[in-house]
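Overview (structure and organization)
Residues per chain, in single letters:
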Amino acid sequence: MRNQTSKIALSFDVEDWYHTPAITGSSFSLYPSVNNFFENWKGEYDCMSDGFNFLIGLLEKHNIRATFFIVADIIDRYPHIVQALKNSNHEIACHSLHHTSAIDAKTKKSFQTPAIWEKELIQAKEKIESTFGIKVTGYRAPAAYFGKWMVKLLEKNGFQYDSSIAFNSIYNKTDVTLKNIPSSSYLINSENLSDRNADSMLVELPWSYLKTGPFILPGGGAFFYRALGNSYFNILLKQCLRKGDTMFYIHPLDFSNTDIPLKNNIARPMYWINKGDKTRKMFEKFLIHHKEKITTCGEVYSRFENKK
Ligand SMILES: [Zn+2]
């Protein structure tokens, strides 16, 4: 039965090209950390601002409120983005301190120790809270690398919801075998990240996906959105919305027409397919099509709490 009232939590991960795992903060990155990148990088670094400026204007034009998951170190280098968000009514959430991948992509073991990860989480939360004068309650793991040990640490540090779990047949970026993860909000089990026998108060807002036969195809947004477009996502979101509230995300960087430096050195040059104008045009149609269902992650969290 179609659930007419289901909502889409619309979210944006505010990070630049050098935050991606190919460039910094992962076991396979060109530079070990963002700090190391800035010690060595002498060229222009800002590829995000023109995409952000487009996005913030587009949301205002269509009177849409969304959630911005912020990498805290952008506060130091992009004062105009901070100011634009302060002037807006959008929800602000946390996307880590430096966008370091906490899980090793290949081994699925911790790339950051839980102690270092927690220290950076606290620094990021405090930095965002003091900058924006708000309480941060939402988290998204960089590149969606999510360790089961994060659940209790997020809860301990005052987070009410996470939005990192991507369930599909193509990839798994967690340190557990994911089984039957819903596409709508659930209380999370810290042993297997499922919705069975929850042992925490942390609510997961999982990524959308498309179930077709035995396969689960990825949703979420960003790369898959740029590559597969509105037709695919409209079908996928319709299916998810039948089951309950779901989530869509993209980056300001996806709307940017600025060329990414070092493009040929990134292991996956095809990754940036349709970046800029093509995605801008597609996304405005997406907003118009889904406008009545779009809300923030915080609102989707509250809807879940109120139903309990
Ligand atoms: Zn990210």
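Quick note: structure is the one above.
Counting from 1, residues in each chain are numbered in the order their sequence is written. Where totals are concerned, whole chains, interfaces and linings use all residues; where local detail is concerned, this predicted model gives features only for residues with pLDDT of at least 70, and gives and counts side-chain atom pairs only at 80 or more. Hydrogen atoms and water are omitted, and side-chain values are computed over all heavy atoms in the structure.

Here we look at the pairing of strand S3 (residues 91-94)
In plain terms, the rule: We call a residue buried when its accessible area falls under 20% of the maximum for its residue type, exposed when it is over 50%, and partly exposed in between, using a 1.4 Å probe and counting protein chains only. Working definition: helices are DSSP H or I runs of at least four residues, strands are E runs of at least two. Numbering for both runs from the N terminus. Criterion used throughout: strands pair if DSSP finds at least two bridges between them.
Here S3 shows a buried face lined by Glu91 and Ala93 and a second buried face lined by Ile92 and Cys94. Pairing geometry for strand S2 (residues 67-70) and S3, over 4 bridges, is parallel. The residue of S3 that forms the bridge with Thr67 is Glu91.

As for the pattern of salt bridges
Using the following cut-off: Here a salt bridge means any side-chain nitrogen of Lys or Arg lying within 4 Å of a carboxyl oxygen belonging to Asp or Glu.
Going through the model one piece at a time under the given rule, you end up with 10 salt bridges. Asp13 serves as the salt-bridge partner of Arg140, at 2.7 Å between the closest nitrogen and oxygen. A residue pair is termed long-range when its members are at least 10 positions apart, and Arg140 in the loop between strand S4 (138-139) and helix H6 (150-156) and Asp13 in strand S1 (residues 8-14) qualify at 127 residues. With a closest N to O distance of 3.5 Å, Glu191 and Lys148 form a salt bridge. Pair noted here: Glu191 is in the loop between strand S6 (186-187) and strand S7 (203-204) and Lys148 is in the loop between S4 and H6, with a separation of 43 residues, a long-range link. With relative accessibility at 29%, the residue Lys148 sits in the partly exposed group.

Thoughts on the coordination of the zinc ion
Selection criterion: Coordinating N, O and S atoms are those within 2.8 Å of the metal (3.2 Å for Na, K and Ca), and as water is not part of the atoms, a site may appear to have fewer donors than expected.
Within the protein, the atoms that donate to the zinc ion are Glu15 (OE), His95 (NE2) and His99 (NE2), at distances of 2.0 Å. Coordination of the zinc ion draws on donor residues from a single chain, spaced E-x79-H-x3-H in sequence. Here Glu15, found in the loop between S1 and helix H1 (34-40), pairs with His99, found in the loop between S3 and helix H5 (114-132); they are 84 residues apart in sequence, far enough to count as distant. The pair Glu15 / His99 is uniform in exposure class, with both members buried.

Focus on the side chain of Ser185
Rules: Only heavy atoms matter for contacts: two residues are in contact if any of them lie within 4.5 Å across the pair.
Looking at the secondary structure, you find Ser185 in the loop between strand S5 (161-162) and S6. Here Ser185 is in contact with Val203, Glu204, Leu205, Pro206, Asp245, Val300 and Phe304, once residues within four sequence places are set aside.

Purely spatial values, then, with no claim about function.
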